[in-house]
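Residues per chain are reported as follows:
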Amino acid sequence: MRKEDCFYLGKIVSKYSFKGEVLVKLDTDDPEIYENMESVFVSIGNNLVPFFIEHCQLHKTNLLRIRFEEVDDEAAADRIMRAQLYLPLSLLPKLSGNKFYYHEVIGFTLWDSVHGNIGIIQSVNDTTAQALFEVLKDGKELLIPINDEIITAIDRTHKTIQVTTPEGLVDLYLQ
């Protein structure tokens, strides 16, 4: 399995017990849907290695307590500490309405209520405090905030996202 075919689920952040259980900080708005998993891919080196799950349950808000098969002591848990967990893209829950996954909208056209077509989404930058669409228009890169107040509609069939950008934002890039 390749990382490109998977989505990031979370990261092992600490050991939970001397029997090898670990706590995973989930990167999701709906942690409860991952409570009954049978397996995950653990990133070890440059590889995704399948790990089978004996037991997992939510622990506090967005932590998942996992007991993996063949991880039955602290030493084995130490070897996977801080590893990232992945699941195949096919297991992502389907979203509708104005909700979307960042990887899903790459290649969509961004339509502004004032300026019309403002470009094609090349990527999403979520390393900043505010996630941004990185849009390419006539060789220029535009950075458009991803915000519920800005996004007015998503058309998955026509691969477009309707936005109402703050006054002056698009002009700043296109002048």
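Higher on the page you've got the structure.
Predicted model, so just to flag it, every value in this text is computed and none were measured.

Criteria and thresholds
- Residues numbered from 1 in each chain as written.
- Predicted model: local features only at pLDDT ≥ 70, side-chain atom pairs only at ≥ 80, totals over all residues.
- Heavy atoms only, no water.
- Helix = DSSP H or I, 4+ residues; strand = E, 2+ residues; numbered from the N terminus.
- Buried < 20%, exposed > 50% of the residue type's maximum accessible area, 1.4 Å probe, protein only.
- Phe/Tyr/Trp six-rings, centres within 6.5 Å; stacked < 30°, edge-to-face > 60°.
- Patch = residues over 30% accessible without salt bridge, like charges linked within 9 Å, V, L, I, M, F, W, Y side chains within 5 Å.
- Areas by Shrake-Rupley, 256 points an atom, 1.4 Å probe, with all protein chains shown as cover.
- Salt bridge = Lys/Arg side-chain N within 4 Å of Asp/Glu carboxyl O.
- Lys, Arg positive; Asp, Glu negative; His and termini not counted.
- Charge placed at Lys NZ, Arg CZ, Asp CG, Glu CD.
- Pairing = 2+ DSSP bridges.
- Axes fitted to C-alpha atoms, helices over the stretch in contact; angles between N-to-C directions.

Student: Would you mind going over the side chain of H59 with me for this structure?
Tutor: For H59, the position within the fold is in strand β4 (residues 47-59). By relative accessible area, which is 19% here, H59 ends up buried.

Student: Please explain the packing of aromatic side chains as it appears in this structure.
Tutor: Aromatic ring pairs are reported here in terms of the distance separating the ring centres and the angle at which the planes meet. For the coordinates displayed, the defined rule picks out 5 aromatic pairs. With centroids separated by 6.4 Å and ring planes inclined at 50°, the aromatic side chains of F7 and Y34 adopt a geometry described as tilted. Residue F7 is found in strand β1 (residues 6-15), and its partner Y34 is found in the loop between β2 (22-26) and β3 (39-44); the two are separated by 27 residues along the sequence. Since its relative accessible area comes to 9%, F7 is described here as buried. For the pair Y8 and Y86, a centre-to-centre distance of 5.8 Å together with 70° between the ring planes defines the contact as edge-to-face. You can see Y8 sitting in strand β1 and its partner Y86 sitting in strand β6 (residues 84-88), a full 78 residues away along the chain.

Student: Whenever I open this one, a negative patch on the surface confuses me. Can you help?
Tutor: On the surface, a cluster of negative charge is made up of D27, D29, D30, E32 and D126. Relative to the helices and strands, E32 is located in the loop between β2 and β3.

Student: Can you help me understand the sheet that holds β2 in this one?
Tutor: Working definition: the strands of a sheet are paired by backbone hydrogen bonds and lie parallel or antiparallel to each other. As summarised here, the arrangement of the 6 strands in space is β1-β2-β5-β4-β3-β6, forming a closed barrel in which the pairing is antiparallel. The average angle at which neighbouring strand axes cross in this sheet is 45°, direction not considered. As judged from the 5 bridges shared by β1 and β6, these two strands associate in the antiparallel manner. Considered in β6, the bridge of F7 is made with L87.

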